[in-house]
Amino acid sequence: MSSRPKTPPPADEQQAMMYGHPIPENRFAVRDLVHKLPGVGLFDLRRTESGAHTCTFCGACQKKCPVGCIDVRRDPSRSHGKGKERHFAGTITIDERRCMTCNHCMEACRFDALVPTELYHEHRRRVQALAHETPKLSAGHGLCSGCSASIIVNQVLSQVDSHYVVSGATGCLEVSTTRYPYTAWKGSYIHTNFENAAATLSGVETAFRALYKRGRLKDKVKFIAFGGDGGTYDIGLQALSGAMERGHQMLYVCYDNGAYMNTGFQRSSATPHGAWTTTSPVGDELPGKLGHSKNLTEIMVAHRLPYVAQSSPHDPQDLIHKASKALAVDGPTFLNVLSACPRGWRTDNDEGIELSRLATDTCYWPLFEVNQGKYRLTYRPRHKRPLGEWLERQGRFAHLALPGNERMLGQLQAWVDEEWDLLLRKCDEIPESRWDEASSRHKAEPFVMRPRRAHLESLGEPLTASMTYTALEWDDFDWGRHSGFADGGFED
Ligand SMILES: Cc1ncc(C[n+]2csc(CCOP(=O)(O)OP(=O)(O)O)c2C)c(N)n1
Ligand code: SF4
Ligand code: SF4
Ligand code: SF4
């Protein structure tokens, strides 16, 4: 094995490896692009014959971008004329590195002002090729519809180009993808106990290292562990900490859905303050979970790992780039990824990706990385949204809108603001108070939380965990034929 830790190549070198040339750095103004970088970026502004651009800086493209990479600002002081002669001035800033070439911005533009360049088409071909590549987790697994866990696995494993061994901690992802005698995993997969995914993998990695040393193995193998927040923040923390401290070459991915979902929504130390779970019920005695969630990403940073990052599957460019960086390191790395759970969050199945974006736009779940100890924010929302916008869409928080719970809502918002400011300082970013005073709605006017009617109506009923199968289906199931239970197998 080579000496470790090995630094991943710088971002532009990685892009050069992927695309043959670096993607233009971070943010740029289309204005600048037109004048200074013709044909280099992904987008261009359409111009009339007289050379005037056709953009009205209306912001429709910004609203439609699912990953939030467009920032439009109209400059009224430089806009002039009337009716058809009206000319608008402003800036469009596009963070091209997170663009996933979905076309939504261009489809939203009524003036066909935003046009794709050749580079956009090339980039789109590559994104589509990646998406159409055979996923490493096959269809037909038993995860609920709308569960983000499988999306996370496929995005992370899309960056593995060698043999790999996955160790899966017991949890929804594990039980739903390995129902005996079937498996949804296309590579080597070890089912480990709830608490020891990292310990099992460190043993496997050590065994492979011994085989390399003796010359009995030549091919490189990647080692990746997946665990839910219960298996990572709580019960597997000791095994994880040990594996990271010993410096095993492995990437540990926590898919954080904020509770022990598989066993019927019990609170974990990742459960947000105020959330309903079956062990933090809402009633006369308790208003949901007491206390804020543990900051596991910071705990992993404190292990002085070469690479630690926080990401979310709604932004595939962010997650796959972080996975590729982490996998390039010959040492221990860690990714904490937000994972929407429609069952436990009490939402519709199709809301997970949108809610994940809202979690980053409210700064509940910031996207950042710590590369060789250096913090970098990888997404800064143009408008920091009030936390209530994320909470009101989830049934597990509906009670926070009831009279008497205002204090808890305020506490949650204050906690998010404090954590966000702390992170901004670590990342050497402008404090929120100076970012854009007018852009933070909750600072300008108090936010009133309005959960959906269905969420409010369900508050009166005792909320219980309901399993994927109905009781009838459980009874009908032929255990003897399909599982290990009948012949004395174990449940884990
Ligand atoms: C030592 C031990 N305690 C409890 C269990 C029961 N159990 C299996 S999965 C699970 C919840 C897993 O939660 P999490 O890790 O958050 O993953 P999720 O189900 O949310 O995907 C529990 C409590 C177990 N298998 N082993
Ligand atoms: S590119 Fe189109 S949608 Fe975007 S701000 Fe300009 S006119 Fe509006
Ligand atoms: S193509 Fe999609 S991801 Fe890229 S800027 Fe437009 S809306 Fe955003
Ligand atoms: S209960 Fe939640 S985490 Fe588990 S499979 Fe269903 S959606 Fe995914």
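About the criteria used
- Residues numbered from 1 in each chain as written.
- Chains lettered and ligands numbered in written order.
- Predicted model: local features only at pLDDT ≥ 70, side-chain atom pairs only at ≥ 80, totals over all residues.
- Near = placed C-beta within 6 Å.
- Nonpolar A, V, L, I, M, F, W, Y, C, P; charged D, E, K, R; others polar.
- Helix = DSSP H or I, 4+ residues; strand = E, 2+ residues; numbered from the N terminus.
- Expected span 1.5 Å × (residues − 1).
- Buried ≥ 20, exposed ≤ 12 C-beta atoms within 10 Å, placed from the backbone.
- Contact = placed C-beta atoms within 7 Å.
- Core = buried A, V, L, I, M, F, W, Y, C linked by C-beta atoms within 7 Å.
- Pairing = 2+ DSSP bridges.
- Axes fitted to C-alpha atoms, helices over the stretch in contact; angles between N-to-C directions.

Engineer: When you look at the site of ligand 2 in this model, what are you seeing that I'm missing?
Structural biologist: Taken together, 13 residues surround ligand 2, and among them C55, C58, A60, C61 and C109 come closest. By residue class, the composition of the shell around ligand 2 is 11 nonpolar, 2 polar and no charged.

Engineer: Quick question: what am I supposed to make of helix α12 (residues 316-328) here?
Structural biologist: Between its first and last C-alpha atoms α12 spans 18 Å; for 13 residues at 1.5 Å apiece the expected length is 18 Å, and the two agree. Counting buried residues along α12, 11 of its 13 residues qualify, which places the element largely inside the surrounding structure. Listed as buried for α12 are P316, Q317, D318, L319, I320, H321, K322, A323, K325, A326 and L327. Tucked inside the fold, the buried residues of α12 contact α6 (149-157), β8 (221-228), β9 (250-256), β10 (307-311), β11 (332-338) and β12 (368-371).

Engineer: What am I meant to see in unusual backbone geometry here?
Structural biologist: Glycine aside, a negative phi is what most residues show, and trans is what most peptide bonds show. Going from Y180 to P181, the amide bond is cis rather than trans, its omega being 5 degrees. One can find P181 in the loop between α7 (172-177) and β7 (188-191). Within the chain, T101 stands out as a residue other than glycine whose phi angle is a positive 50 degrees. Relative to the elements of secondary structure, T101 occurs in the loop between β4 (90-95) and α4 (104-108).

Engineer: What should I look at first to understand the site of ligand 1 in this one?
Structural biologist: Near ligand 1 you find 18 residues, and of these G171, C172, G228, G230 and N262 are the closest. At the level of secondary structure, the elements contributing two or more residues to the shell around ligand 1 comprise α7, β8 and α9 (229-234). Top element by residues in the shell around ligand 1 is α9. It accounts for 3 residues.

Engineer: How should the nonpolar core be read in this particular structure?
Structural biologist: Taken as a class, soluble globular proteins show a tendency for nonpolar side chains to be buried jointly. Judged by nonpolar contacts, the single largest core of 83 residues is most densely connected at I224, A225, F226, Y252 and V253. In contact with Y252, not counting residues within four places along its chain, are A198, A225, L240 and F334. Within the second largest apolar cluster, 17 residues are counted, among which are F43, F57, V67 and C69.

Engineer: When you look at the pairing of β8 in this model, what are you seeing that I'm missing?
Structural biologist: Side chains on a regular strand alternate between the two faces of the sheet. Of all 8 residues in β8, 6 are buried, a share of seventy percent or more. Bridging between strand β6 (residues 163-168) and β8 involves 6 bridges; their strand directions are parallel. If you follow Y164 over to β8, its bridge partner there is K222. Pairing geometry for β8 and β9, over 5 bridges, is parallel. The residue of β9 that forms the bridge with G227 is C254.

Engineer: Quick question: what am I supposed to make of the sheet that holds β9 here?
Structural biologist: The strands making up a sheet are joined through hydrogen bonds of the backbone, oriented either antiparallel or parallel. On the basis of which strands lie adjacent, the open sheet formed by 8 strands has the order β7-β6-β8-β9-β11-β10-β12-β13 and mixed pairing. Strands with a single pairing partner mark the edges of an open sheet, and in this sheet they are β7 and β13 (374-377). Within the sheet, the average angular offset between the axes of one strand and its neighbour, ignoring direction, is 15 degrees. Bridge analysis of β6 against β7 gives 4 bridges, and the strand direction is parallel. Residue pairing across strands places V166 opposite Y189, the latter belonging to β7.

Engineer: Could you clarify how one ought to interpret α6 in this entry?
Structural biologist: For the α-helix, the turn length of 3.6 residues means that residues three or four positions removed from each other point alike. The element α6 is largely enclosed, with a buried count of 8 among its 9 residues. Every buried residue of α6 is listed here: A149, S150, I151, I152, V153, Q155, V156 and L157. As for α6, its buried residues are in contact with α7, β8, β9, α12 and β11.

Function-wise, these values are silent; they only describe arrangement.
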